[in-house]
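As a plain string of letters, each chain reads:
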Amino acid sequence: MLRTLENGVNTYLLGTVALLASAFLAAISQVFYAQQVQSISPFSFTFISFFLTALFFLLLSLSQKNEEKRSLDFFSFKDFALLNVSTALAFLGFYYALKYIEPAIVSALEMGVGPLFALFISTMLYPKTTILKSDALIAVGTLCASFILVGAAVTGRSGVSFDYTFEYFIGLAASLGCGMGAVLAAIYSKKLSEKAWTSSQILAHRFYLIVILSFFIAVFQKDVNRELVGHLDWILIVSVTGVLLPLYFLQVGIKHCDTFYVMMSITFVPVFTFFFQLLDPRVGWSTPTFIGILLLTVLGVISTYVKNNQDEK
């Protein structure tokens with residue numbers, strides 16, 4: 001039978017809509033951010049953006065009197081600590097990579113390795129988990145698609161011409177690392193949702209580590225004061241449309257869908273990003289990039305179809 005909410009709405013449908021909304025907003029903001037971040041430190045942006053996001057959700061959680069007040073027991077504290085670590089890994093790596101690599105490839109590499117990481121990590125955390133053959137095949141397919149994108153990036157056939165500096169290859173590694181961080185963040189967010197923590201409560205306590213780390217890195221680079229004054233307008237816009245709203249929609253999707261499905265559904269981010277980034281004069285058309293991203297999207301659609309069929313049985 002289809003999973004339903006109390007009002008009869010299919011939870012996977014609700015989760016999918018939220019995930020697609022998250023992907024659409026994130027894709028637009030990634031392209032805009034990639035243009036603007038060339039002149040500033042990505043860590044300064046990360047500090048300002050996630051500080052504002054954390055503050056918003058903390059105030060929202062405190063203001064919602066109808067929500068049950070939750071106390072941190074040992075196991076919830078452990079999940080929140082690991083969620084903070086994985087969130088820092090995912091987003092610090094992601095925003096660093098966007099400074100040096102084409103936005104569509106950064107998001108595609110993150111999403112491409114996500115499903116395989118999701119299966120591998122799930123089996124480690126839940127040894128009794130049964131891996132479906134369809135999930136394994138789709139995960140391997142997404143990994144192959146990510147290899148196509150890596151090949152396009154390192155051979156100079158992507159949409160953006162970059163110098164092959166040390167930072168460029170660190171950016172590639174950061175893209176893969178943020179894929180692992182995204183999977184772990186989804187897993188521990190799911191655990192907290194299963195313990196009756198609401199989306200706003202989870203988001204209120206998710207960003208402590210990333211705010212602290214990005215602040216100290218930005219201070220070390222001595223760029224915070226200048227960037228607060230010179231770039232605050234677009235940082236505020238991207239903070240709301242590219243961080244706050246997508247993260248809220250993503251959290252709703254995580255609440256109603258399993259981790260593998262979440263990681264497959266957000267493979268739509270790269271295809272959105274690919275077409276939005278063509279509006280950037282620095283980015284040209286790249287056939288290898290398009291093929292890799294199209295493959296990711298097709299696999300995402302297949303995964304969604306298979307998952308919904310499984311729920312109907």
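The structure under discussion appears in the preceding block.
Residues numbered from 1 in each chain as written. Predicted model: local features only at pLDDT ≥ 70, side-chain atom pairs only at ≥ 80, totals over all residues. Heavy atoms only, no water.

Novice: I'd like a description of the overall build of the protein chain, backed by residues and values.
Specialist: Helix and strand counts for the protein chain come out as 13 helices and zero strands. In the protein chain, the order of α-helices and β-strands from amino to carboxyl end is α-α-α-α-α-α-α-α-α-α-α-α-α. When each of the 313 residues of the protein chain is scored for burial, the buried share is 53%. Of all intrachain contacts in the protein chain linking residues separated by at least 6 positions in sequence, the fraction that spans at least 24 positions is 86%. Carbon together with sulfur atoms contributes 71% to the accessible area of the protein chain, which is approximately 14300 Å² in total. (Helix = DSSP H or I, 4+ residues; strand = E, 2+ residues; numbered from the N terminus. Buried < 20%, exposed > 50% of the residue type's maximum accessible area, 1.4 Å probe, protein only. Contact = heavy atoms within 4.5 Å. Areas by Shrake-Rupley, 256 points an atom, 1.4 Å probe, with all protein chains shown as cover.)

Novice: Residues and numbers for the packing of aromatic side chains, please.
Specialist: If you walk through the whole model with that rule in mind, you get 10 aromatic pairs. The interplanar angle of 75° and the centroid separation of 5.5 Å between the aromatic rings of phenylalanine 215 and phenylalanine 216 together place this pair among those described as edge-to-face. Taking the relative accessible area as the measure of exposure, phenylalanine 215 reaches 32% and is therefore partly exposed. Three or more aromatic residues joined by ring pairs form one cluster here, namely Phe47, Phe51, Phe215 and Phe216. (Phe/Tyr/Trp six-rings, centres within 6.5 Å; stacked < 30°, edge-to-face > 60°.)

Novice: Which residues make up the packing of helix 6 (residues 166-194) against helix 10 (residues 232-256), and what values do they have?
Specialist: The angle between the axes and the distance between the axes are what describe a pair of packed helices. Interaxial distance between helix 6 and helix 10 falls to 9 Å at its minimum, and their mutual angle equals 65°. Between helix 6 and helix 10, the angle falls in the class roughly perpendicular. In this structure, helix 6 crosses over helix 10, and the sense of that crossing is right-handed. Contact residues: helix 6 offers Ala186, Ser189, Lys190 and Ser193, while helix 10 offers Gln251, Ile254, Lys255 and His256. In terms of residue class, the contact of helix 6 with helix 10 is built from two nonpolar, four polar and two charged. (Axes fitted to C-alpha atoms, helices over the stretch in contact; angles between N-to-C directions. Parallel < 35°, antiparallel > 145°, perpendicular 65-115°, else oblique. Left-handed = near helix turned anticlockwise from the far one by under 90°. Nonpolar A, V, L, I, M, F, W, Y, C, P; charged D, E, K, R; others polar.)

Novice: Describe unusual backbone geometry, naming the residues involved and giving the relevant values.
Specialist: Phi is positive for alanine 196, which is not a glycine, with a value near 80°. Along the chain, alanine 196 falls in the loop between helix 6 and helix 7 (199-204). According to the relative accessible area criterion, alanine 196 is partly exposed, its value standing at 45%.

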